[in-house]
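One letter stands for each residue in the lines below.
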Amino acid sequence: MFEQREELRRRLLALGFDEVRFARAEPAFGDQLKTWLAAGHQAEMAWIERATEKRGDPRLVLPGARTMVMLGVNYGTLHEKREDGAPLWARYALHEDYHDTIKPGLVAAGKVVEELFDAGPEDYRYYVDTGPVQERGWASRAGLGFTGKNAMLISRRFGNWLFLATLLLKEELEPDGPLVASMIGRDEPGMLCGKCTRCIDACPTAAIVEPGVVDARRCVSYQTIENKGVIPRELRGGVGAHIYGCDVCLEVCPWNRFAQEARRVLLTVRGEIAELSLQEILELTPARFAEVFRKTAIKRVKLAGLLRNACIVAANTQSTDCLEVLVRLAGDAVPLVRAHAVWAVARLGGFERLVAVRARETDPAVLAEYTAETG
Ligand code: SF4
């Protein structure tokens, strides 16, 4: 069993996974998840509420499962280039959608399992992020890292920059165990954080409400990616220059001193996105949006969502050079864009230029912005 496990590990590492560790498939995390859901921290992410029972027991995901193979893909960049004043993107987003680029690695991993254990496709299952598996908790259990006070998996080898994936097996393999012995049977967020509270202190919207608990409703990542509607006015200032996602609670973490440059076997970098100016983003047409963000996760927010975020960034960064395009967006066909453009124009001191637009306005969300700004 030991030789087979090590052979599997060796071959999965060769496929491009940077971490391959094993845990026993058994019930776990069910109570934690129920408490988090009961507090409403999932906001509108209803998909987390589905399959709660399965999330608490991997044997319900794959009947007969005995082993969780927890996989990590490092996406660290040690020499990040950032244009001065350019909008900020979550690092993970500056790649082709990792769900798509990691998937071929998992397909190949399945073939390795079939070969090594004389198994069939019914003897394993894999997921990257989207399955009913508490990946971060299992990764911690398997020893890929620990859950930090920022609620992210923190690796002693790669800092905060690991994508996670899971391979469930019916084959029984010896578990690796957590990072340190004191973590056995416990998964308390912040166990290896010590007295550090940098992520809690740095969060621009105070979204980390207690160690390891992020209130998604306050989180800039949630608001700029998952929220499909109006971003609450009281959170817009906290969005700062973050146009898509936010890495503040990851970037401030001292464990990043262990970060390594990614191998990028299962990743494709799309660094050119970070070079887009705010003006270029605000001027995107549907065709150009589709072209620029092809194959990336960013396309999920659609053009309207990105323009909404860009309006907020323009106001927060006092980008008066964007006033002209913002006035134009205040007459956009999509009410969501109009509402945020109105707000941004008002914040940039150009409100009188909107009077003509206001005369034609009928959408309540947009009118609410006028009213809030002018009383
Ligand atoms: Fe833990 Fe500090 Fe990292 Fe937050 S920033 S996860 S408190 S070590």
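Conventions used here
- Residues numbered from 1 in each chain as written.
- Predicted model: local features only at pLDDT ≥ 70, side-chain atom pairs only at ≥ 80, totals over all residues.
- Heavy atoms only, no water.
- Axes fitted to C-alpha atoms, helices over the stretch in contact; angles between N-to-C directions.
- Helix = DSSP H or I, 4+ residues; strand = E, 2+ residues; numbered from the N terminus.
- Parallel < 35°, antiparallel > 145°, perpendicular 65-115°, else oblique.
- Contact = heavy atoms within 4.5 Å.
- Nonpolar A, V, L, I, M, F, W, Y, C, P; charged D, E, K, R; others polar.
- Core = buried A, V, L, I, M, F, W, Y, C linked by side-chain atoms within 4.5 Å.
- Buried < 20%, exposed > 50% of the residue type's maximum accessible area, 1.4 Å probe, protein only.
- Expected span 1.5 Å × (residues − 1).
- Arc of directions from axis to C-beta.
- Near = heavy atom within 4 Å.
- Left-handed = near helix turned anticlockwise from the far one by under 90°.
- Pairing = 2+ DSSP bridges.
- Phe/Tyr/Trp six-rings, centres within 6.5 Å; stacked < 30°, edge-to-face > 60°.
- Lys NZ or Arg CZ within 6 Å of the ring centre and 35° of its normal.
- Salt bridge = Lys/Arg side-chain N within 4 Å of Asp/Glu carboxyl O.

**Regarding the packing of helix α14 (residues 302–316) against helix α16 (residues 335–347)**
- Running from amino to carboxyl end, α14 crosses α16 at an angle of 5°, the nearest separation of the two axes being 8 Å. If you check the angle between α14 and α16, you find them roughly parallel. From α14, Ala304, Leu307, Arg308, Cys311, Ile312, Ala315 and Asn316 reach across to α16, where they touch Leu336, Val337, His340, Ala341, Trp343, Ala344 and Arg347.
- Here the residues of the contact of α14 with α16 are counted per class, giving 10 nonpolar, 2 polar and 2 charged.

**Quick notes on the nonpolar core**
- Counting residues in each nonpolar core, the largest one holds 54 residues, and the members touching the most others are Trp89, Ile243, Tyr244, Leu282, Phe293, Leu306 and Leu326.
- Elements with a contribution of two residues or more to this core: α9 (220–226), β10 (242–244), α12 (278–282), α13 (286–292), α14, α15 (323–329), α16 and α18 (364–374).
- The element contributing the most residues to this core is α14, with 9 residues.
- Setting aside its immediate chain neighbours within four residues, leucine 326 contacts Leu282, Cys311, Ala314, Ala341, Ala344, Val345 and Leu348.
- Core analysis: the second largest hydrophobic core is formed by 38 residues, Tyr98, Phe117, Val128 and Ala151 among them.

**Looking at helix α1 (residues 2–14)**
- Compared with an ideal rise of 1.5 Å per residue, which puts 13 residues at 18 Å, α1 spans 18 Å between its outermost C-alpha atoms and is within 8% of the ideal.
- Residues of α1 that are buried include every one of Arg5, Leu8, Arg9 and Leu12, and no others. One face of α1 carries all of its buried residues, which in axial projection span an arc of 100°. Facing away from the buried surface of α1 by more than 90 degrees, the exposed residues are Glu3 and Ala14.
- A positive phi of about 120° marks glycine 16, the residue just after α1.

**What to know about the site of the ligand**
- Around the ligand sit Gly148, Lys149, Asn150, Ile154, Cys193, Cys196, Arg198, Cys199, Cys253, Pro254 and Trp255, and that is every residue in its neighbourhood.
- Looking at side-chain class alone, the shell around the ligand contains 7 nonpolar, 2 polar and 2 charged residues.

**Observations regarding the packing of α1 against helix α6 (residues 98–117)**
- Orientation of α1 relative to α6, taken along the N-to-C sense of each, is 155°, at an axis distance of 10 Å. It follows that α1 is roughly antiparallel to α6 by the angle criterion. When you trace α1 past α6, the crossing you get is right-handed. Where α1 abuts α6, its residues Gln4, Glu7, Leu8, Arg11 and Leu12 lie against Ala109, Val112, Val113, Glu115, Leu116 and Phe117.
- When its residues are assigned to classes, the contact of α1 with α6 shows 7 nonpolar, 1 polar and 3 charged.

**Some points on the sheet that holds strand β1 (residues 19–24)**
- Across the sheet, which stays open at both edges, the 4 strands sit in the order β1-β2-β7-β4 with antiparallel pairing between neighbours. Two strands in the sheet have a free side with no partner beyond their single neighbour: β1 and β4 (124–127). Averaged over all adjacent pairs, the angle separating strand axes in this sheet is 20°, with direction ignored.
- Judged from the 8 bridges that link them, strand β2 (residues 67–74) and strand β7 (residues 162–169) form a sheet pairing that is antiparallel. If you follow valine 69 over to β7, its bridge partner there is leucine 167.
- Each of β1, β2 and β7 is contacted by α1, which is oriented at about 140° to β1, the strand it contacts most.
- Across the face of the sheet, α6 comes into contact with β2, β4 and β7 while running at roughly 30° to β7.

**Quick notes on the packing of aromatic side chains**
- In the structure shown here, the tally under the stated rule is 11 aromatic pairs.
- Taking the centre distance of 4.2 Å and the plane angle of 15° together, the rings of tyrosine 75 and phenylalanine 163 count as stacked. Here phenylalanine 163 lies in strand β7 and tyrosine 75 lies in the loop between β2 and β3 (88–89), a separation of 88 residues in the sequence.
- Looking at phenylalanine 163, the relative accessible area reads 5%, which means it is buried.
- Here tryptophan 89 and phenylalanine 293 contribute two aromatic rings whose centre-to-centre distance is 5.9 Å and whose plane-to-plane angle is 40°, an arrangement assigned as tilted. A residue pair is termed long-range when its members are at least 10 positions apart, and tryptophan 89 in strand β3 and phenylalanine 293 in the loop between α13 and α14 qualify at 204 residues.
- Grouping aromatic residues by their ring pairs yields a cluster made of Tyr75, Trp89, Tyr92, Tyr98, Trp161, Phe163, Tyr244, Phe289 and Phe293.
- When the ring centre of tryptophan 161 is taken as reference, the NZ or CZ atom of arginine 91 above it lies at 4.0 Å.
- In this structure, arginine 236 is placed above the aromatic ring of tryptophan 343, and the distance from its NZ or CZ to the ring centre is 5.0 Å.

**Considering the pattern of salt bridges**
- A full pass over the atoms with the stated rule returns 22 salt bridges.
- Linking glutamate 115 and arginine 11 is a salt bridge whose minimum nitrogen-to-oxygen distance equals 3.3 Å. Placement of the pair is glutamate 115 in helix α6 and arginine 11 in helix α1, with a sequence separation of 104 residues.
- Residue classification places glutamate 115 among the exposed residues on the basis of a relative accessible area of 55%.
- In this structure arginine 11 comes out as partly exposed when scored by relative accessible area, which is 22%.
- Between arginine 270 and glutamate 272 there is a salt bridge, with the nearest N and O atoms lying 2.8 Å from each other.

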